[in-house]
Amino acid sequence: MKQVHWYPGHMNKTIREMEQQVKKIDILVILLDGRAPFSTFIPLFEELSKGKQVLLIFTKKDLANQQKLAQANRIFAKKYHTLTLNLREGNKKSVRVIIDKLKTIELKTLLPKVMILGVPNVGKSTLINYLSNQKKAKAEDRAGVTRHTTWFKVDRFYIMDTPGVLAPRVEDQNINYRLAIIGSIKQSILPIENVGLYLYQYLLRDNKLNQLPYGSNEEELNLYLEKENLSYRKFYEKLLKDFQKGRFGSIYLDDYIFDFEAEKLKSNEGIITE
């Protein structure tokens, strides 16, 4: 099973800058994808958070399983301030909710400095556009778009935007594939067949394929692929696009564990491979 080693030079430079800047930061705002909040809370964020006030914002709540997201929220709320948002509801509402929440955090300074963190594609650029009231941050549905840190002022808060970052190495392949599915890791890094298979098995487990034309089990999938003359690669590409469009309803990836060794044996039997 392929290990993830996507760690370009700009990301390493960004982390060094973060480690220096965080010394004069009063509040860390960390964005987590509501569909995979634990996978998107990387060890770097916990390290930077030491001795700081922290606000965790769970994004994409409209795409997440509400019950499981609420459970995750309760766990994180034992240690951090938390907020759940659907950034697609509109910028004025999101900005007001965030600023009001920041004002509830007790601080020793009148003009607090805030650093915003998140892995790629978690909604950070969209949030920055809302907060800064201008579209200066690139907001695209792919990883590794924002490359530079910037400062701006909202209300009485000085806010620092930062590029999306990842851990240099993640041994847990379940986390790697969750990050790839939500778009935090570039599609060119992990084989599309592996990422697609992971997503397909998750959707099967949660009975989210019943209303779609490619069937609700592996036998029906094989019939569908034969009928449509589709390769598994093309099918997995389509599956990931459908996921990104929100076609599968409420999602929560962090409680799904894939047995990679068992799947390796299964693949040797030719059940779900080309």
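Not measured: the values here are computed from a predicted model.

### Some points on the side chain of arginine 178
Stage number 1. Within the element layout of this structure, arginine 178 appears in helix 6 (residues 173-181).
Stage number 2. Here arginine 178 falls in the buried class, since its relative accessible area comes to 5%.
Stage number 3. In terms of polar contacts, arginine 178 uses its side chain to reach the backbone carbonyl oxygen of tyrosine 256, at 2.8 Å.
Stage number 4. Contacts of arginine 178, omitting those with residues within four sequence positions, involve Ser39, Tyr198, Leu253, Asp254, Tyr256 and Ile257.

### Here we look at the environment of serine 216
Stage number 1. Topologically, serine 216 is positioned in the loop between helix 7 (192-205) and helix 8 (218-228).
Stage number 2. Since its relative accessible area comes to 31%, serine 216 is described here as partly exposed.
Stage number 3. In this structure, the C-alpha to C-alpha distance between serine 216 and leucine 203, residues 13 residues apart in sequence, is 9.0 Å.
Stage number 4. Discounting chain neighbours no more than four positions away, the residues touching serine 216 are Leu204, Leu209 and Asn210.

### Some remarks on the sheet that holds strand 6 (residues 157-161)
Stage number 1. Reading across from one edge, 3-2-1-4-6-5 is the order of the six strands in this open sheet, with mixed pairing throughout. Edge positions in the sheet fall to strand 3 (81-84) and strand 5 (150-154), since each of these pairs with one other strand and no more. Taking the axes of each pair of neighbouring strands and ignoring which way they run, one obtains an average angle of 25° across the sheet.
Stage number 2. Sheet topology places strand 1 (residues 27-33) next to strand 4 (residues 113-118); five bridges connect them, and they run parallel. Along strand 4, the bridge assignment pairs leucine 28 with methionine 115.
Stage number 3. Of the strands in this sheet, strand 1, strand 2 (53-59) and strand 3 touch helix 3 (residues 66-77), which is tilted by about 160° from strand 3.
Stage number 4. This element, helix 5 (residues 124-132), spans strand 1, strand 2, strand 4, strand 5 and strand 6 of the sheet and lies at about 150° to strand 4.

### Examining a nonpolar patch on the surface
Stage number 1. Together, Leu110, Leu111, Trp151 and Tyr158 make up a nonpolar patch on the protein surface, roughly 420 Å² of accessible area in all.
Stage number 2. Secondary-structure assignment places leucine 110 in the loop between helix 4 (91-103) and strand 4.
Stage number 3. Since its relative accessible area comes to 71%, leucine 110 is described here as exposed.

### What to know about the pairing of strand 5
Stage number 1. Pairing between strand 5 and strand 6: five bridges, direction antiparallel. Bridging across to strand 6, tryptophan 151 finds its partner in methionine 160.
Stage number 2. Counted along the chain from strand 5 to the antiparallel partner strand 6, the turn is two residues long, and its residue aspartate 155 has a positive phi close to 55°.

### Structural notes on the packing of helix 7 against helix 9 (residues 232-244)
Stage number 1. With their axes 9 Å apart at the nearest point, helix 7 and helix 9 run at an angle of 60° to one another. Accordingly, the angle class assigned to the pair helix 7 and helix 9 is oblique. Here helix 7 runs over helix 9; the crossing is left-handed. Contact residues: Ile192, Glu193, Val195, Gly196, Leu197, Leu199, Tyr200 and Leu203 in helix 7; Arg233, Phe235, Tyr236, Glu237, Leu239, Leu240 and Phe243 in helix 9.

### Points about the pairing of strand 4
Stage number 1. Within strand 4, five of the six residues are buried, which leaves it mostly tucked inside the rest of the structure.
Stage number 2. Where strand 4 and strand 6 come together, four bridges link them in parallel fashion. Following the sheet pairing, valine 114 is matched in strand 6 by isoleucine 159.

### Quick word on the side chain of threonine 40
Stage number 1. Examined against the element boundaries, threonine 40 turns out to sit in the loop between strand 1 and helix 2 (43-48).
Stage number 2. The class for threonine 40 is buried, based on a relative accessible area of 0%.
Stage number 3. One polar contact links the side chain of threonine 40 to the main-chain carbonyl oxygen of alanine 36, over a distance of 2.8 Å.
Stage number 4. Those residues in contact with threonine 40 that lie beyond four places of it in its chain are Leu32, Asp33, Phe45, Val119, Leu179 and Ile182.

### So, the packing of helix 6 against helix 7
Stage number 1. One way to put it is that helix 6 packs onto helix 7 with a least axis distance of 10 Å and a crossing angle of 95°. One finds that helix 6 runs roughly perpendicular with respect to helix 7. Facing Asn174, Tyr177, Arg178, Ala180 and Ile181 of helix 6, the residues of helix 7 in contact are Asn194, Val195, Tyr198 and Leu199.

The rules behind these values
- Residues numbered from 1 in each chain as written.
- Predicted model: local features only at pLDDT ≥ 70, side-chain atom pairs only at ≥ 80, totals over all residues.
- Heavy atoms only, no water.
- Helix = DSSP H or I, 4+ residues; strand = E, 2+ residues; numbered from the N terminus.
- Buried < 20%, exposed > 50% of the residue type's maximum accessible area, 1.4 Å probe, protein only.
- Polar contact = N/O pair within 3.5 Å; in protein donor to acceptor, adjacent residues only side chain to side chain.
- Contact = heavy atoms within 4.5 Å.
- Pairing = 2+ DSSP bridges.
- Axes fitted to C-alpha atoms, helices over the stretch in contact; angles between N-to-C directions.
- Patch = residues over 30% accessible without salt bridge, like charges linked within 9 Å, V, L, I, M, F, W, Y side chains within 5 Å.
- Areas by Shrake-Rupley, 256 points an atom, 1.4 Å probe, with all protein chains shown as cover.
- Salt bridge = Lys/Arg side-chain N within 4 Å of Asp/Glu carboxyl O.
- Parallel < 35°, antiparallel > 145°, perpendicular 65-115°, else oblique.
- Left-handed = near helix turned anticlockwise from the far one by under 90°.

Read these as spatial facts, not as claims about activity.
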